[in-house]
Amino acid sequence: MEHSEKAIEIIDLRLSYGVKEVIHGLTFDIYRHEIFGIIGPAQSGKTSLLRCLNRTIDFESSATVSGTIRVDGSDIRRTKDIYALRRKIGMVAPLPVGLPLSIYDNVAFAPRSSGLTKKADLDSIVERCLKQAALWEEVKDRLHTLGTALSGGQQQRLTIARALSHQPRILCLDEFSIAIDPVTTMRIEDVLKELRKEITIILVTNLTQQARRLADRTMFLWNGDCVELDSTEIIFSDRPANSKTYEYVNGIFG
Amino acid sequence: MNDMSESDRLPTLPKRSVVSMAGEKLLEFIIRLSGISAIVFVLAIFFFIFREAAPIFFSENFNLVKFLFNAEWYPTSVTNVRYGTLALTVGSISVTLLAMSIAVPFGLGSAVYISEFCSPRLKEALKIIIELLAAIPSVVWGFIGLTVMSRTIISLTGAPVGVNLLNGGLILALMSVPIIVSIAEDALKAVPDSYREAALALGATNWQVVYRVLLPSAKNGLLAAVLLGIGRSVGETMAVLMATGHAVQIPHGLLDSVRTLTANIAAELGEASASSDHYHVLFLTGVLLFILTFAVNLTADFVIRGIRRK
Ligand SMILES: Nc1ncnc2c1ncn2[C@@H]1O[C@H](COP(=O)(O)OP(=O)(O)OP(=O)(O)O)[C@@H](O)[C@H]1O
Ligand SMILES: [Mg+2]
């Protein structure tokens, strides 16, 4: 595939919480229209890395970030409009946080925040995003009930719909399928493959097979270091460049 | 490997003793009792006030309609005693409304500022100052009303007297703001941070987070804050006694003096000889006050439920 344009450039990114450094200098690019998989054991810094991208790491008072992140060529630390940056990046957190609003209002939240008020427009965004998140059929008759009253897996899909609602250029999914059954997961995976034509997707997952199914390239992150980053075929092949990668994806890793 | 050795086995969990189960029952009983006692106390207070009011309430020449809707309060007139409380009720309500129309926006506004926008150090300072404000005794507030506020009102408006509805309303507003702020701030603090983060991650501004997420999810606590403010205003006695001018009349403007139900009871109960009609009527105004606050709380309760159902 052609890797013409860079959606995200990360140069020597370091992150510490207090004095503990958890990301030790990462440098890599993410290309437009690729699904970029990130795998790695617990605590390797996957979630923290995503939080650097949309600068929600700023809410963590103990966190200090150094290095450069460019999204669409512009440095996110210099951005004048942090809200526009956050709308450009859709974020799905591992534990779904339904806002205490109705299902409809949850999905319409971001478009409304950016100033969209026309009901017809909002209606169509809500419907499309809920369909993409494979939730529409289950909730279309109760759009105005509380989003927090949905089941765990439904709430997770609601956060996916919400992350799509502001038409992000980049979609970050952090272990999106932990609460979702396999059949629905497959449906969402199909949507992701479809979405890839329009946007860039970063997929953090503990299910290495999910990365194998979806990702164009995969990065193996371990304790804040990039062990290996290559096309998914190579990462999951019999001989990736680093033997640790082989051990991890084959579950031999101690 | 051989079978699990003795030391590997998990310890067996002990059965719960009879004593601990009985203790739990006892604790449950005590807690239930204290819960119910709240109801008992409220009923008892109502009962004892009403008992003092009963002789006049059930007497032949007492007219409930006149009591409620007549504005003439002449309890000590020699020729024609009249017990109309309308002016007092209107006094209480108008002072409270004025106070709330100032205190609610200021109180909720500063609660939002303190909990969402200001720096941690300023936050600590503001909270301490607001607690100080809450600790000022009401007689001191009354004194401020009588002196500073009164003089200011006279010089700014040219009114003949400075102790009036405006003065009482301002003093009451100042007194209820600290309560509203601290309760409302607690309510906002109770909203999980994950909501804020989720909303901000969607590109909402701080201000959008406040009115789209925080206010709706803290609405019960915020309403409680407003209610406590109203309760404080309706129930306040000393400060309004000193600041409102204590004239029995239905006010036609902010600069008219008024008298409230509470101030009236405080001022007259000492003079009314026990078991006189006047004495019993004052207790009846106490019952009226009780019903008034009860009605406010009940309405608020229905409002909350209405919001919830939506
Ligand atoms: N808010 C925080 N404050 C302090 N340390 C943190 C914070 N969040 C994460 N960490 C630390 O940073 C390291 C990386 O955490 P992170 O959540 O990014 O890992 P992860 O790869 O997402 O793990 P998992 O697969 O379990 O989700 C961990 O050692 C964790 O303890
Ligand atoms: Mg994580």
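Residues numbered from 1 in each chain as written. Chains lettered and ligands numbered in written order. Predicted model: local features only at pLDDT ≥ 70, side-chain atom pairs only at ≥ 80, totals over all residues. Heavy atoms only, no water.

A closer look at the overall build of chain A
Test applied: Secondary structure is summarised from DSSP: a helix means a run of H or I of at least four residues, a strand means a run of E of at least two, and numbering begins at the N terminus for each. Values of the radius of gyration come from C-alpha atoms, whereas the globule rule sets the reference at 2.2 Å times the count of residues to the power 0.38. In what follows, a contact means two residues having at least one pair of non-hydrogen atoms within 4.5 Å. Note on areas: these come from Shrake-Rupley sampling with a 1.4 Å probe, and a residue is covered only by the protein chains present in the view. Neither His nor the chain ends is counted toward charge; the positive residues are Lys and Arg and the negative residues Asp and Glu. In this description, the location of a charge corresponds to atom NZ of lysine, CZ of arginine, CG of aspartate or CD of glutamate.
A count of helical and extended segments in chain A gives 10 helices and 10 strands. Against the globule reference of 18 Å for 254 residues, chain A gives a C-alpha radius of gyration of 18 Å, in line with a compact fold. Taking as baseline every contact in chain A between residues at least 6 positions apart, the subset at least 24 positions apart corresponds to 65%. Split by element, the accessible area of chain A, about 11,300 Å² in all, is 49% carbon and sulfur. On chain A, the mean spot of the 33 positive side-chain charges and the mean spot of the 33 negative ones are 4 Å from each other.

Quick word on the packing of helix α3 (residues 86-117) of chain B against helix α6 (residues 165-189) of chain B
All names here are of chain B. Definition in use: Here, axes are lines fitted to C-alpha atoms. For helices the fit covers the stretch in contact, and angles between N-to-C directions go from 0 to 180 degrees. Crossing handedness is defined as follows: a turn of the near helix away from the far one that is anticlockwise and smaller than a right angle gives a left-handed crossing, while the clockwise case is right-handed. Polarity classes work like this: nonpolar for Ala, Val, Leu, Ile, Met, Phe, Trp, Tyr, Cys and Pro, charged for Asp, Glu, Lys and Arg, and polar for all others, with Gly in that last group.
Two elements in contact, α3 and α6, have axes whose closest approach is 6 Å; the angle formed by their N-to-C orientations is 35°. Crossing handedness for the pair α3 and α6: right-handed. Looking at the contact of α3 with α6 residue by residue, the class counts come to 22 nonpolar, 7 polar and 2 charged.

Side note on the site of ligand 1
Residues and elements named next belong to chain A. For clarity, the threshold we go by: For this description, a residue counts as near a given molecule or strand if any of its non-hydrogen atoms is within 4 Å of it. As used in this structure description, the phrase polar contact means that two N or O atoms lie within 3.5 Å; if the pair is within protein, one of them must be able to donate a hydrogen and the other to accept it, and residues adjacent in sequence are counted only when both atoms belong to side chains.
As a matter of local geometry, ligand 1 sits amid Y17, K20, V22, A42, Q43, S44, G45, K46, T47, S48, E60 and E175. Between an oxygen atom of ligand 1 and a main-chain N or O atom of Q43, the distance comes to 2.9 Å. The protein chains hide 70% of the 630 Å² of surface that ligand 1 would expose on its own. At the level of elements, β2 (20-31) and α1 (46-53) are the ones that each hand at least two residues to the shell around ligand 1. Looking at the shell around ligand 1, the element that brings in the most residues is α1, giving 3 residues.

Remarks on the pattern of salt bridges
Test applied: Throughout this description, the term salt bridge denotes a Lys or Arg side-chain nitrogen within 4 Å of a carboxyl oxygen of Asp or Glu. In this scheme, a residue with accessible area under 20% of its type's maximum is buried, one over 50% is exposed, and one in between is partly exposed, where area comes from a 1.4 Å probe on protein chains only.
Summed over all chains, the structure comprises 31 salt bridges over all chains. D123 of chain A is the salt-bridge partner of K119 of chain A, the closest N and O atoms lying 2.9 Å from each other. With K119 of chain A and D123 of chain A both in helix α4 (residues 119-132), this residue pair falls 4 residues apart, about one helical turn. In this structure K119 of chain A comes out as exposed when scored by relative accessible area, which is 56%. Its relative accessible area of 28% is what places D123 of chain A among the partly exposed residues. For the salt bridge of R232 of chain B with E236 of chain B, the shortest nitrogen-to-oxygen distance reads 3.5 Å. We classify E236 of chain B as buried; its relative accessible area is 8%.

Quick look at the domain arrangement of chain B
Residue and element names in this part refer to chain B. Going by this rule: Domain ranges listed in this record stem from an automatic or a database domain assignment. Buried area is a sum: the accessible area each of two parts loses on coming together, probed at 1.4 Å, counted once for each and added.
Domain parsing of chain B yields domain 1 (12-58) and domain 2 (65-309). Across the contact, 10 residues belong to domain 1 and 9 residues belong to domain 2. Both sides of the domain 1 and domain 2 interface together cover about 920 Å² of buried area, and 87% of this is carbon and sulfur. Joining domain 1 to domain 2, the criterion identifies 0 salt bridges. In this assembly, domain 1 and domain 2 are joined by 2 residue pairs in polar contact (both at pLDDT 80 or more). Looking at the side of domain 1 that touches domain 2 residue by residue, the classes come out as 9 nonpolar, no polar and 1 charged.

With respect to the environment of T237 of chain B
Topologically, T237 of chain B is positioned in the loop between α9 (219-235) and α10 (238-243). With a relative accessible area of 23%, T237 of chain B lands in the partly exposed category.

Some words on the sheet that holds β2 of chain A
Residues and elements named next belong to chain A. Put simply, the test is: Here, strands pair whenever DSSP counts at least two bridges between them.
Taken in spatial order, the 4 strands line up as β2-β1-β4-β5 in an open sheet, and their pairing is antiparallel. Each end of this open sheet is capped by a strand with a single partner; those strands are β2 and β5 (74-75). Relative to strand β4 (residues 63-71), strand β1 (residues 6-17) is paired through 8 bridges, and the arrangement is antiparallel. Bridge pairing in β4 links Y17 to A63.

Things to note about the side chain of Q210 of chain A
Residues and elements named next belong to chain A. Tracing the backbone through its elements, the reader meets Q210 in helix α8 (residues 208-214). For Q210, the side chain forms a polar contact with the side chain of S177, separated by 3.4 Å. Residues contacting Q210, with those up to four places away along its chain left out, are F176, S177, T185, E189, L203, T205 and A215.

A short note on the sheet that holds strand β8 (residues 200-204) of chain A
All names here are of chain A. Reading across from one edge, β6-β7-β8-β3-β9-β10 is the order of the 6 strands in this open sheet, with mixed pairing throughout. What marks the edges here is a single partner per strand, and that holds for β6 (89-92) and β10 (225-231). Across the sheet, the mean angle separating the axes of adjacent strands is 15° when strand polarity is ignored. Here strand β7 (residues 170-174) runs beside β8; their pairing, made up of 5 bridges, is parallel. Paired with L173 across the strands is L203, a residue of β8. Packed on one face of the sheet, α1 meets β3 (35-39), β6, β7, β8 and β9 (217-222) and runs near 155° to β7. Of the strands in this sheet, β6 and β7 are in contact with helix α6 (residues 152-165), which crosses β6 at around 175°.

Describing the interface of chain A and chain B
Between chain A and chain B, the contact holds 19 residues from the first and 16 residues from the second. Broken down residue by residue, the surface that chain A buries against chain B is led by Y83, P100 and F109 of chain A, which jointly contribute 31%. Run the count over chain A and chain B and you get 1 salt bridge. The partner of E197 of chain B in a salt bridge is R51 of chain A, and the shortest N-O contact between them spans 3.2 Å. Counting across the chain A and chain B interface gives 4 residue pairs in polar contact (both at pLDDT 80 or more). Those elements that place two or more of their residues in the side of chain A that touches chain B are α2 (82-88) and α3 (103-113) of chain A. Split into classes, the residues belonging to the side of chain A that touches chain B amount to 9 nonpolar, 5 polar and 5 charged.

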